[in-house]
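Given next are the chains, with one letter for each unit.
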Amino acid sequence: MTVDSPVTALRELSLASAASASLRAVIRVGVADALGDSPMPVAELADTLGVDAAILVRVLRNLRCYGLFDDTDAGIVHTATSKLLREDHPERLKNWVLWVTEPWVWQLWPDLEQALRTGRGHFDERFGEDFFTRLHKEWPESTETFNRSQTELSVLTSAAIADALDVVDVKTFADVGGGRGYTLATILERHPHLHGTLVDLPAAVATPDPRLRPDGELAARSQVVAGDCLAEIPVDADVYQFKSILEWDDELTVKALSNARRAGHPGSRVLIITNLIDDSPEPRYATGIDLLFLLNTNGKRHTKAGVTALAERADLRVENVTPAGTLLHIVETVIP
């Protein structure tokens, strides 16, 4: 039996959750941050962290199978991939990994069979309330992890979005559900003629990107507004941007888009920025997160045809679909 045999592939896939659990464990105990740029003996690393050295060896041995960390004669060293778990890495994904391995996520995966049989997720039945209510009420630390994770993803994609936008004739730009505003700030820096508004829930905008704060360098060209796009979008703008948030239940997505149509004016553009599942350079990521969305909000990662249909249901005219860098797509719609 070769390493690449179907039997081996299936056995390894069935235990892939061990890698996710190992990733979360090493982040929570601080392995990546404790390990500097020089090799460290595993016993010393374990002592520094206050963890069991024998178990640490076993956890790191599992992660090495996926290219995280390495074991040399001088001790444990980082790989390019494991460095992404460090707090000081410019392309850090530490909080995103924590977000998709939160304890509630592990509770949901067994429900995939029920969703397969019934055609929908069952979060409300399991917990007695919708996902967002439960998240903010019962899992406040997870809410904060989510906000940090979205900033991490924005760091990876915001420059490409700013470069891809055609906003020469635009004066006002609203980033709806924009979290702490990293992407909006990047867009405003790239396009100095724009005035931008960040709109998100109070918890998200309570600590906005420093550039958008009253003493920030973009304060004169920006405002931060607390609002819920599923209730009302409280700003008239030339462009509304929904980046990586319209992945809920279809009815909620249509409601948010309809609220943008009501808030704007004829000719206003509504941009849906997402990783289209049928043209994704990361098919394992896209299809995996698609299933997680199914289980927490009865949502989905969109196909081009699917997101176009939802925009049309909100009475928006789809104009174009273009790539934004290598990871995202911009679905451009217009208010008739």
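The sections below set out a description of the structure shown in this document. Keep in mind that this is a model prediction, so the values were computed, not measured. (Residues numbered from 1 in each chain as written. Predicted model: local features only at pLDDT ≥ 70, side-chain atom pairs only at ≥ 80, totals over all residues. Heavy atoms only, no water.)

1. Focus: helix α4 (residues 42–49)
Inference 1: Among the residues making up α4, those that are buried are Leu 45, Ala 46 and Leu 49. In a view along the axis of α4, the buried residues occupy a sector of 95°, so they form one face of it. Those residues of α4 that are exposed and aimed more than 90 degrees away from the buried face are Asp 47 and Thr 48.
Inference 2: In this fold, the buried residues of α4 make contact with α2 (17–29), α3 (31–34), α5 (53–64) and β2 (75–77).
Inference 3: After α4 finishes, the residue Gly 50 shows a positive phi value of roughly 70°. (Buried < 20%, exposed > 50% of the residue type's maximum accessible area, 1.4 Å probe, protein only. Helix = DSSP H or I, 4+ residues; strand = E, 2+ residues; numbered from the N terminus. Arc of directions from axis to C-beta. Contact = heavy atoms within 4.5 Å.)

2. Quick word on the nonpolar core
Inference 1: Counting residues in hydrophobic clusters, the biggest one holds 37 residues, and the most contacted among them are Val 26, Val 31, Phe 69, Leu 85 and Trp 104.
Inference 2: Sort the elements by how many residues they give to this core and helix α15 (residues 283–297) lands first, with five residues.
Inference 3: Once residues lying within four places of it in the same chain are set aside, the contact partners of Val 26 are Val 31, Ala 32, Val 59, Leu 60, Leu 63, Phe 69 and Leu 85.
Inference 4: Counting 28 residues, the second-largest nonpolar core is a separate cluster that includes Val 176, Cys 229, Ala 256 and Ala 260. (Core = buried A, V, L, I, M, F, W, Y, C linked by side-chain atoms within 4.5 Å.)

3. Focus: the side chain of His 78
Inference 1: Along the chain, His 78 turns up in the loop between β2 and α6 (94–99).
Inference 2: Of the polar contacts made by the side chain of His 78, one reaches the backbone oxygen of Ala 32; its length is 3.0 Å.
Inference 3: A polar contact of 2.8 Å, which involves the side chain of His 78, links it to the side chain of Ser 82.
Inference 4: Apart from the residues lying within four places of it in its own chain, the contact partners of His 78 are Ala 32, Leu 35, Gly 36, Phe 69, Lys 83 and Arg 86. (Polar contact = N/O pair within 3.5 Å; in protein donor to acceptor, adjacent residues only side chain to side chain.)

Just geometry here; none of it tells us what the structure is for.
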